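# Structure assessment
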Amino acid sequence: MAEHTCSHFSAEPGSVEQALGALLEGVTPLAGERLALEQAGGRVLADAQIARLDVPAFDNSAMDGYALRAADAGKRLPVSQRIAAGSAPEALLPGSCARIFTGAPLPPGADCVVMQERVERDGDHAVFPDGLSAGDSIRRRGRDVAYGQELLAAGTRLNAAALGHLAGQGIVEVAVRRRPKVALLSTGDEVIDPGTPLGPGQLYNSNRPMLTRLLESFGAEVVRRVNVPDDVGQTRAIIREAAEVADVVVSTGGVSVGEEDHVKNALERLGRLDLWRLAIRPGKPLALGRLPKHGGEAKEGGEARFVGLPGNPVSSFVGAWLFLRPLMGALTGCAALATLPAMTATADFATRTGPRRHYMRAALAFTPQGPVATAFADQNSGVLSSCVDADVLVDVPPDATVAKGDAVTCLWLAGG
Ligand SMILES: Nc1nc2c(c(=O)[nH]1)N[C@H]1C(S)=C(S)[C@@H](COP(=O)(O)OP(=O)(O)OC[C@H]3O[C@@H](n4cnc5c(N)ncnc54)[C@H](O)[C@@H]3O)O[C@H]1N2
Ligand code: MOO
């Protein structure tokens, strides 16, 4: 019987939790780099951002109308000044009002604004309705952001609103995590690139564009794409070289038990196999490990992580969501990528699982009775059409029975 010295390695298929433990163990966020705000969309903040300004920076009008004292409600008042946005007002003369526009600073002395539709203008005067309160239609200084508060936490992924929030502070440059560099290796003599006519037994590479897109959406940069022939020496050489230029080496195929499955063997020879085979469907033969770096561009950490996804496109797709997403989260310090958002839905299908936890691809419908998950009829790991319209993975435990109408846990495939 074969003996394995690595403590993480077990002859029995592992759990997702064990795999994540092995994969993320010792992973620390990559170095930061400074980027202009225009280039920083989708990137992860390396440091917390502290507000250097109140926003708004001054009390201002929320309406086009008139500024006055609420105590003068119901009166006819002279219009003593006109305040446009971007101008500096004078103090409001007692017993008068000021013409004011949205965003313009409130004059000292005024305590409310009335929108012009509620005001009757009479030459140089304006007639106000009753029942005004101090604070009406005023946007107070610091209502959105107060000076000194944490504006955005380290690890925030910069979405559109976060970029606007930073710009609102006058920030032009931020420190963000470097994007994890990924080498994407496609194994299998039968797998060819689109653009070449198909020969007998061949198929086009579906995994490469799919995984490139997923990896990019998880914040990574795919720096190398290589076809790996079913040859032990070339598999080893290509993996070894990939580890020099990448933080993460991802392969597809060649991790099962056939004679042409060289990936696991190469990993054992070149580095360390942390875990092989998981009790999940799809994705059983997944292999995780580490590869030493001997030199080259990306030496951070001294080793590259290795994720060997099964070749079946559905297995690759599910493996990417379950493992590559949290790995990119750990490498960029982005906690939001660590777990898939989970929700409960009503199953519109029935199933029974065996010893493997089943991640079923399903579409989610929002009904007045709550969300309903409809699993695609053919859940085979070669049937990629089951992923195209999938909103969620239904997480069905091993040895379970699901009947139509049961509550099931769904993992949301957000932003893929
Ligand atoms: N005797 C056993 N055979 C298999 C087992 C097993 O336990 N015992 N497990 C099966 C399961 S489950 C899976 S999943 C597959 C995964 O095997 P590999 O990761 O070694 O993948 P390959 O054999 O290389 O390819 C599987 C399948 O996917 C196609 N493929 C590969 N790469 C691509 C690509 N880039 N784009 C599109 N399609 C791709 C390939 O042609 C094969 O059809 O093993 C089972 N076998
Ligand atoms: O584990 Mo495989 O991915 O079921 O087909």
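As recorded in an unreviewed UniProt entry, the protein chain goes by Molybdopterin molybdenumtransferase and comes from Halomonas cibimaris. Comment text from UniProt for the protein chain, heading Catalytic activity (unreviewed entry), reads "adenylyl-molybdopterin + molybdate = Mo-molybdopterin + AMP + H(+)". Checking UniProt for the protein chain, the heading Pathway (unreviewed entry) contains the comment "Cofactor biosynthesis; molybdopterin biosynthesis."

### A word on the sheet that holds strand 18 (residues 272-276)
Pairing is mixed in the open sheet, where six strands are placed in the order 16-13-17-21-20-18. Each edge of the sheet is formed by a strand with only one pairing partner; in this case those strands are strand 16 (221-228) and strand 18. Within the sheet, the average angular offset between the axes of one strand and its neighbour, ignoring direction, is 20 degrees. Taken strand by strand, helix 6 (residues 313-332) contacts strand 17 (248-252) and strand 21 (303-309), and its axis lies near 155 degrees from that of strand 21.

### Here's the deal with the site of ligand 2
R281, P282, G283, K284, P310, N312, S315 and S381 make up every residue found near ligand 2. Here the shell around ligand 2 is built from residues that sort into two nonpolar, four polar and two charged.

### Here's the deal with the confidence of the model for the protein chain
Per-residue confidence for the protein chain gives a mean pLDDT of 95, with 96% of residues at or over 70. Across residues 1-8, confidence stays below pLDDT 50; counting only partners more than four residues off in sequence or on other chains, it has seven contacts. Confidence metrics for the complex model read pTM 0.93 and ipTM 0.98.

### Let's talk about helix 4 (residues 232-245)
In an α-helix, one full turn covers 3.6 residues, which means residues spaced three or four apart are oriented alike. Taking 1.5 Å per residue as the helical rise, helix 4 with its 14 residues ought to reach 20 Å, and the 21 Å between its terminal C-alpha atoms agrees with that figure. Turning to helix 4, its buried residues are T235, I238, I239, A242 and A243. One side of helix 4 holds all its buried residues, which, seen down the axis, span an arc of 140 degrees.

### Details of the sheet that holds strand 8 (residues 120-122)
One open sheet accounts for six strands, arranged 7-4-6-5-9-8; its pairing is mixed. Because the sheet does not close on itself, it has two edges, and the strands there are strand 7 (112-115) and strand 8. Each strand axis lies, on average, 40 degrees off the axis of its neighbour in the sheet, ignoring direction. In terms of strand pairing, strand 5 (residues 76-83) meets strand 6 (residues 97-100) through four bridges, oriented parallel. Across the sheet, the residue bridging to R82 is R99, located in strand 6.

Reading the values: the criteria
- Residues numbered from 1 in each chain as written.
- Chains lettered and ligands numbered in written order.
- Predicted model: local features only at pLDDT ≥ 70, side-chain atom pairs only at ≥ 80, totals over all residues.
- UniProt positions renumbered as here; feature names shortened; annotations may be inferred.
- Pairing = 2+ DSSP bridges.
- Helix = DSSP H or I, 4+ residues; strand = E, 2+ residues; numbered from the N terminus.
- Axes fitted to C-alpha atoms, helices over the stretch in contact; angles between N-to-C directions.
- Contact = placed C-beta atoms within 7 Å.
- Near = placed C-beta within 6 Å.
- Nonpolar A, V, L, I, M, F, W, Y, C, P; charged D, E, K, R; others polar.
- pLDDT = per-residue confidence, 0-100.
- Expected span 1.5 Å × (residues − 1).
- Buried ≥ 20, exposed ≤ 12 C-beta atoms within 10 Å, placed from the backbone.
- Arc of directions from axis to C-beta.

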